[in-house]
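Remarks on the overall topology
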Amino acid sequence: MAKNLFTPITLGKHELKNRIFMAPLTRCRATPGDHIPSKQMVQHYADRASAGLIIAEATMIKPLTSAFYSEPGVYSTKQLAAWKHVTDAVHAKGGKIFLQIWHGGRAAHPDMNDGAEAVGASPIAINGFKHGPNGKVPFVVPRALSLNEIADLVAAFATAATNAVNTAGFDGVEVHGANGFLIDQFTKTSSNTRTDAYGGSIENRTRFVREVLAAVTDAIGGDRVGVRLSPADGYNDMVDSDPEALATYLATELNAFGLAYVHIRRHTEGTDHVAIYRKHYKGILVGNQSYSRDEANDAIAADALDAVAFGTVYVSNPDLVERFEKNAPLNAADVTTYFIQGPEGYNTYPTLAELDAQHD
């Protein structure tokens, strides 16, 4: 029998009811300053518990590393207690939820971090501007991390994973290695000009992500760990001189960690990097980036992917699984409410049942 979005799947140590994943979506509903998940976030994630897996938004592993001003953290007692309300609510509805653990690197800005300097693989700024509490400001040149600091950050990722699973109640974590944030900054030639063991060759540029995955899987077990990568996504000014070689190397190396899954943000132009990962990575492969319901079903049926993570449509459709089952129309997302505080455009999108009740 052909597989599709609604076929159950085993992911690490978890049995998932479908292959419709909620992609990690930064929505800035945590409290500014202390980065504590808000009560709104409890409802938001619980409303989407019918997903096979929720991957909660990019979450800071350390203080003073904010790139979005009001994103959540996973390093303080209050943050962990607030996250526990989220995971309890999702589990009460039969859902599974991983936390994406993350460091913004050079995408962070002093304006958002009490003046703390940004750090990165190399002293190369992102071209462009950032919206922060003081308005639109240019990205700053980061300070290159020292070897000792890199080792400290590897340990911080492992601590964040332990906090997420053992204290906050998450079913696992996703290491954020995509979208031009710190781990991705090490892997790509446009942001890494180091001449030490973390720069130059592909092996050296991927050393940091491999060390992070080794530490995190050692801390909580590979069957609770995923990783997200974006082989050819230009977000945050990212370019690599040979993305196909980088993808092939990483896809092969990731087999060593016994991961629950690898999550690839595809690039719709040029080389099909998802196919490179499917060829060389032997575990569960999750696709992301503008898949339609039918395209996702076809990819799973063809064994090109094992599951698909949906982002934009999960912003505006808490009951996305039901809508996909019925092939029902989808609510349109309001982009203007993506990064504001408050429930509007966050917990205000109607479900099919609510729409039907309005029409009765």
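Up top is the structure.
Residues numbered from 1 in each chain as written. Predicted model: local features only at pLDDT ≥ 70, side-chain atom pairs only at ≥ 80, totals over all residues. Heavy atoms only, no water.

1. With respect to the environment of Val-137
Relative to the helices and strands, Val-137 resides in strand 8 (residues 135-138). Along the chain, Val-137 and Asp-111 lie 26 residues apart, while their C-alpha atoms are 8.8 Å from each other. (Helix = DSSP H or I, 4+ residues; strand = E, 2+ residues; numbered from the N terminus.)

2. Observations regarding the pattern of salt bridges
Scanning the entire structure with this criterion turns up 15 salt bridges. Here Glu-295 makes a salt bridge to Arg-266, at a shortest N to O gap of 2.8 Å. With a gap of 29 residues between them, Glu-295 in helix 9 (residues 293-301) and Arg-266 in the loop between strand 12 (261-265) and helix 8 (273-280) connect regions that are remote in the sequence. Residues Arg-278 and Asp-306 are paired through a salt bridge, measuring 3.0 Å at the closest nitrogen-oxygen approach. (Salt bridge = Lys/Arg side-chain N within 4 Å of Asp/Glu carboxyl O.)

3. Structural notes on the nonpolar core
In terms of nonpolar packing, the biggest core is built from 79 residues, with Tyr-45, Ile-101, Phe-208, Leu-254 and Tyr-277 touching the most fellow members. Among the elements that take part in this core, helix 3 (residues 147-167) stands out by supplying ten residues, more than any other. If sequence neighbours within four positions are ignored, Phe-208 has contacts with Ile-150, Leu-153, Val-154, Phe-157, Leu-182, Ile-183, Phe-186 and Tyr-198. Core analysis: the next-biggest nonpolar cluster, separate from the first, contains 14 residues, Phe-21, Ala-260, Tyr-261 and Ile-284 among them. (Core = buried A, V, L, I, M, F, W, Y, C linked by side-chain atoms within 4.5 Å. Buried < 20%, exposed > 50% of the residue type's maximum accessible area, 1.4 Å probe, protein only. Contact = heavy atoms within 4.5 Å.)

4. Some words on the packing of aromatic side chains
The relation between two aromatic rings is expressed through the spacing of the ring centres and the mutual angle of the planes. Per the stated rule, a full pass over the model turns up twelve aromatic pairs. Centroid distance Tyr-338 to Phe-339: 6.0 Å. Interplanar angle 90°. Geometry classified as edge-to-face. Among the aromatic residues, ring-to-ring pairing joins Phe-68, Trp-102, Phe-181 and Tyr-235 into one connected group. Positioned above the aromatic ring of Phe-129 is the side chain of Lys-136, whose terminal nitrogen or guanidinium carbon lies 5.3 Å from the ring centre. We note Arg-266 situated over the ring of Tyr-291; from NZ or CZ to the ring centre the distance is 3.7 Å. (Phe/Tyr/Trp six-rings, centres within 6.5 Å; stacked < 30°, edge-to-face > 60°. Lys NZ or Arg CZ within 6 Å of the ring centre and 35° of its normal.)

Remember that the coordinates give geometry; whether it matters functionally is a separate question.
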